Amino acid sequence: MDNLKTQGISMPKLGLGTFRMQSDACRAAVESALSLGYRHIDTAEMYANEEAIGAALASAGVPRGELHVTTKVWHENLVPDAIRRAFDASLNKLRLDHVDLYLVHWPSKAANWGAVFETLMKLKEEGRTRAIGVANFTTELLKIVVDDIKAPIACNQIEYHAMLDQSKVSAYLAAKSIPLVAYCPLAQGRVASDPVLGEIGAKHDVTAAQIALKWLLDQNGVAAIPKASRRESQKANLDALKITLDEADRNKIAALPKDRRCVNPVFAPAWD
């Protein structure tokens, strides 16, 4: 599987998203994914499933050096002491001595970004996270973090799929050689019923969802973390890596409407 090199880490381009996975079902899903060959697992303190993921990682027996584990600090904890408490709790639940990537999950209007990233960089210096990054950051916020604070962020994790234009933020990230990690890469299932994607899928004898995922993974500097609890779906996502899209396919996908946002940041808690 292709990896993205960023800020000293190597992140598999295809990972497993775990939002809304809970307890034994979450553990089983992660164990299944690891057995199929997934090595990139994404979680967050807000998901309330780090313990289940920690149990899965422990039982799977995959060498730690082969794994990429991302977790995130919630927007309510963006002061130095709270960040450290949240980080310690996450590490304990995951049963790890370090994570590979620690992200600010949502922006907060009240955050002192200098203090936030000073704390995150100390965690990195201490070897407790191999890299730091952000999620759901606009271009304007990225400029504060990257250009003003000069924080060495390893990615921006945002909603991105074939039905949503993210050209503004992706252009900024590309110019700075910062990867984009796409969550909701299948538009919460909406791509499955899109007739254009379905037509392209029929041409390649694959599903519309596999076409949408491969379109993302073909892009330079882009990783994707589709949520998949069923083994069949996990395997289908892996199999998408084998698809070869041609220029006609890409042109048809580019022409799709790009206004179908699944997660509206205006209504997210961080913006209250």
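The structure this text deals with has already been given above.
A short tour of the structure in this document, coming up. For clarity, every value in this text was computed on a predicted model and none was experimentally measured. (Residues numbered from 1 in each chain as written. Predicted model: local features only at pLDDT ≥ 70, side-chain atom pairs only at ≥ 80, totals over all residues. Heavy atoms only, no water.)

### Considerations on the pattern of salt bridges
Our working definition: Every case where a carboxyl oxygen of Asp or Glu lies within 4 Å of a side-chain nitrogen of Lys or Arg is listed as a salt bridge. By the criteria applied, helices consist of DSSP H or I runs no shorter than four residues and strands consist of E runs no shorter than two, each listed in order from the N terminus. When accessible area is computed with a 1.4 Å probe and restricted to protein chains, residues below 20% of their type maximum are described as buried, those above 50% as exposed, and intermediate ones as partly exposed.
Following the criterion strictly, the structure yields 17 salt bridges and no others. Ionic pairing is found between Arg-27 and Glu-31, a salt bridge with its closest N-O pair at 2.9 Å. One end of the pair is Arg-27 and the other is Glu-31, both in helix H1 (residues 23-36) and four residues apart, which spans about a single turn. By relative accessible area, Glu-31 is classed as partly exposed at 28%. Where Arg-130 meets Asp-100, a salt bridge forms, and the shortest distance between an N and an O atom there is 3.1 Å. Note that Arg-130 is positioned in the loop between helix H4 (113-125) and strand E7 (132-135) and Asp-100 in the loop between helix H3 (80-94) and strand E6 (101-104), a separation of 30 residues in sequence. Among the residues examined, Arg-130 registers a relative accessible area of 36% and is labelled partly exposed. With a relative accessible area of 2%, Asp-100 lands in the buried category. Among the charged side chains, a network of salt bridges with common partners joins Arg-64, Asp-100 and Arg-130.

### Overview of the packing of H3 against H4
We count it as follows: Only the contacting stretch of a helix is used when fitting its axis, a line to C-alpha atoms as for every element, and angles between N-to-C directions run 0 to 180 degrees. Definitions for this section: a left-handed crossing has its near helix turned counterclockwise from the far helix by less than a right angle. A right-handed crossing has that turn clockwise. Only heavy atoms enter the contact rule, under which two residues are in contact if any of them lie within 4.5 Å.
Close contact between H3 and H4 brings their axes to 9 Å; oriented N to C, the two are set at 40 degrees. Once H3 is placed against H4, the crossing between them reads as right-handed. Facing Pro-80, Ile-83, Arg-84 and Phe-87 of H3, the residues of H4 in contact are Ala-115, Val-116, Thr-119, Leu-120, Lys-122 and Leu-123.

### Regarding the pairing of E7
Defined as follows: The criterion for strand pairing is that DSSP finds at least two bridges linking the strands in question. By convention, orient the strands away from the viewer: a clockwise path from the first strand over the helix to the second makes the crossover right-handed.
Alternating positions in E7 separate into two faces, Ile-132 and Val-134 on one and Gly-133 and Ala-135 on the other, with burial throughout. Where E6 lies against E7, three bridges are found, and the strand directions are parallel. Opposite Leu-103, over in E7, you have Gly-133 as the bridge partner. The parallel pair E6 and E7, bridged by H4, forms a crossover whose chirality is right-handed. When E7 meets strand E8 (residues 153-159), the two strands line up parallel, connected through three bridges.

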